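# Survey of secondary and tertiary structure
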Amino acid sequence: MAAERLGPALPVQESAEVTVGRPATPAWAPTAAQLAPALLFLLVFLVGPVAVFFAYSFWTVKAYDLVPAWTLENYQKALTEPIYLQLFAQTLVTAGLAAIVTVVIAYAFAHAIRFHLRRYQEALLLLVIVALFSGYLVRIYAWRTILGDEGIINQALISLGLIREPLSFLLFSRIATTIVLVNFLIPLAILPIYAALQNVRDEEIEVARDLGATPFGAFWRVTLPLAWTGVFAALGLTFIIAAGDYVTPQLVGGTSGSMIGRTIASTFGTAFNWPLGAALSFLTLVFVLVLLGLVKVGSERVLR
Amino acid sequence: MGTGTGRVTRDDPAGEAAIAVEGVCKRFGTTTALDGVSLRVEPGTFVSLLGPSGCGKTTLLRIIGGFEHADAGSISIHGVRVDRLPPNRRPVNTVFQRYALFPHKSIFENIAFPLALQRVPRAEQRARVAEMLDLVRLPGIEARSPAQLSGGQAQRVALARALIGRPRVLLLDEPLAALDLKLRKAMQLELRRIQEELGTSFLYVTHDQEEALTMSDWIVLMSEGRIAQQGTPAEVYERPANVFASGFIGEANLLPGIVAATDGTTARVRLADGGAEVTAPANGVRSDQPVVVSVRPERLRIGRAGSANGAENRIPGRLTRRVFLGNIRREFVAIGPDLVLVAQRGVDAEPIPNGEPVEVSWQAANTILLPDEGASHGG
Ligand SMILES: Nc1ncnc2c1ncn2[C@@H]1O[C@H](COP(=O)(O)OP(=O)(O)OP(=O)(O)O)[C@@H](O)[C@H]1O
Ligand SMILES: [Mg+2]
């Protein structure tokens, strides 16, 4: 309408408001074009396989053959058999513990390089990235030699005369699983937290202090809320990775430190029960997402 | 010490300053940001800290606010030494140049921040935030987010947030620097109105001399980490203490020369460039002393050569350029090979064509002699 009133002397602009003549390119078109490659990739390599496995989770197996039976049997089994329930609980507790410990340590590190060690930040971030490259299995075995009966910790404690027998709970336990997961996850958590802390301006913190906030008050009411997207991303990432890990629990977890991932792997593999394996996977995913959702909602209320 | 003359003061039985800075020094590596700064802000006054970029204004304000620690010297606020207190325990608040509103909080939450920290009941918070928004003339914007404000509005919100805790002293670091000229002028008056309404002491940092002259009761002029001069706006404008003050506050023609003769009340100075002689109040100068003659452009008269008027100082020259500034005209007159005087005339004054020979005249009383620091140290 505006264009009509202003008359034909004005050049027709390529904008969504112009209603004269041929409709201009819709505003969403460029965005869609930018998103398309990523969406396509996700569709083919993530949504597709996940959808297939979601379908499997309602099937059954007869004589090593998948039968599309459309039954809730797998979910029923996964949610009633004590062994699975216990594994779910153990998985969520261990992964949650690992994620929380990781995020706390990673936050402290990122906070230190952002606010106190600014001069060394590039070198320290490089170290973080190098840590990401060091082998996963190598580190697990390294921890085995540290935590085992013949390991450094036990031997040191024995030679100091503090204990007589090696502390067997160090290895093959939830503690061992948690320690190894934390060690593996810390660099992954540092990067998003550090990126988020970059967006917190010194002045915002100074203003908070100026207006009467203690150092902790400024952290709780300003720094953490402003960095929360990154902290939550780190929490989600590490929780999901930890909950899905099946190598670490297998190698250092023993019984108390074992997790659902290993059971899912063997259900798919040796047991060839793809439908039950798929159902267990989806339930793990749902539990993880629900927990993260609760954390998200809760944090939005607390951090303001 | 001893700078109380002509000072605007309010009732203050104890006689203690709102802010007392004593001999503060601060170095960053090899740069000396502050070199023995002492100043007093009397309660309820508006004091401007004026100086060119990099002279240490922000550093001094940050030391008073508690964000930086002085290498030497002390800070007292209403008689209490605060040198060892963290920012949250000092009875001052700061308005920063970049207003730094909390982006994750609404305007209400931003302004109520100090009250929320003190766990003031919600109803009282609402009332006091509304009161503050009235004060800064932005009623009813509580629910907006900082991203939805213009620069001027954001600055008013930052001011409201700094004032809601009722500090006795407010520090402001070039709070208007990001605003355009028109808004800045309006905000200058607003700030002054708010300061008078609340009776809070303001220490206001600016590098804009006009702003300092407009707003302040008292101006502290800084140069390279030291105080060059302090006084009321009229004092620093009319009686600059040195060449720096003369050049920085207002405009001035600065003409180097040598004292040819003095009888203690008036002196005659021979200008280094062109050799013309100028009469001025002696201002304590001695014969043969190198000095700088300072004359404000608005004190100069320009007339055709030989036109009679009562001014003691008259120098022939040639009109070289004219700049039209709306309400006034600025004329440039060459009086020596490399010496150009700037004069100011009303727009109605008789126009003289460029290149014409003219006579520049001014009264001896409007001339200030300043020691030439470049030529004689400590003289
Ligand atoms: N954190 C710092 N590290 C090193 N040097 C600094 C620091 N802060 C200030 N300086 C130096 O101290 C001097 C005074 O700086 P300051 O910021 O106080 O100047 P200013 O008067 O506020 O200038 P402007 O008007 O440009 O804001 C400058 O030379 C500056 O480079
Ligand atoms: Mg500054």
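Residues numbered from 1 in each chain as written. Chains lettered and ligands numbered in written order. Predicted model: local features only at pLDDT ≥ 70, side-chain atom pairs only at ≥ 80, totals over all residues. Heavy atoms only, no water.

### Considering the site of ligand 1
All names here are of chain B. What surrounds ligand 1 is the set Phe28, Ala33, Pro52, Ser53, Gly54, Cys55, Gly56, Lys57, Thr58, Thr59 and Glu174. A distance of 2.6 Å is found between an oxygen atom of ligand 1 and a side-chain nitrogen or oxygen belonging to Thr58. Between Glu174 and ligand 1, the recorded distance is 3.2 Å, taken from a side-chain N or O atom to an oxygen atom. Taking 630 Å² as the accessible area of ligand 1 by itself, protein coverage stands at 60%. (Near = heavy atom within 4 Å. Polar contact = N/O pair within 3.5 Å; in protein donor to acceptor, adjacent residues only side chain to side chain. Areas by Shrake-Rupley, 256 points an atom, 1.4 Å probe, with all protein chains shown as cover.)

### Overview of the domain arrangement of chain B
Residue and element names in this part refer to chain B. Assigned domains within chain B: domain 1 (19–91 + 167–243) and domain 2 (251–371). Distance between the C-alpha centres of domain 1 and domain 2: 34 Å. Taken together, the 7 residues of domain 1 in the interface contact 8 residues of domain 2. Of the roughly 650 Å² buried between domain 1 and domain 2 on both sides combined, carbon and sulfur atoms contribute 54%. By the criterion of area lost to domain 2, the three top residues of domain 1 are Tyr237, Pro240 and Val243, representing 73% of everything that side buries. At the surface where domain 1 touches domain 2, the tally comes to 1 salt bridge. With a closest N to O distance of 3.7 Å, Glu238 and Arg299 form a salt bridge. (Domains from an automatic or database assignment. Contact = heavy atoms within 4.5 Å. Buried area = accessible area lost by both parts, 1.4 Å probe. Salt bridge = Lys/Arg side-chain N within 4 Å of Asp/Glu carboxyl O.)

### Let's talk about helix α9 (residues 202–210) of chain A
Residues and elements named next belong to chain A. With 8 of 9 residues buried, α9 lies mostly within the body of the structure. Those residues of α9 not exposed but buried are Glu203, Glu204, Ile205, Glu206, Val207, Ala208, Arg209 and Asp210. A positive phi of about 115 degrees marks Gly212, the residue just after α9. (Buried < 20%, exposed > 50% of the residue type's maximum accessible area, 1.4 Å probe, protein only. Helix = DSSP H or I, 4+ residues; strand = E, 2+ residues; numbered from the N terminus.)

### What about the pairing of strand β11 (residues 253–262) of chain B?
Remark: a regular strand shows side chains that alternate across the two faces of the sheet. Residue and element names in this part refer to chain B. As paired elements, β11 and strand β14 (residues 290–295) share 6 bridges and run antiparallel to each other. Considered in β14, the bridge of Gly257 is made with Val291. Strand direction decides the pairing type here: β11 and strand β12 (residues 266–271), joined by 5 bridges, are antiparallel. Looking across to β12, one finds that Gly257 is bridged to Leu271. (Pairing = 2+ DSSP bridges.)

### Some details on the pattern of salt bridges
Residue and element names in this part refer to chain B. In the structure shown here, the tally under the stated rule is 28 salt bridges over all chains. Its salt-bridge partner being Asp35, residue Arg226 comes within 2.8 Å of it at the nearest N-O pair. Placement of the pair is Arg226 in strand β10 (residues 226–231) and Asp35 in strand β2 (residues 31–41), with a sequence separation of 191 residues. With a shortest N-O distance of 3.0 Å, Glu68 and Arg62 are connected by a salt bridge. Under the relative-accessibility criterion, Arg62 is labelled partly exposed at 21%. Look at the salt bridges and you will find they share partners, linking Arg137, Arg156, Glu190, Arg193 and Glu197 into a network.

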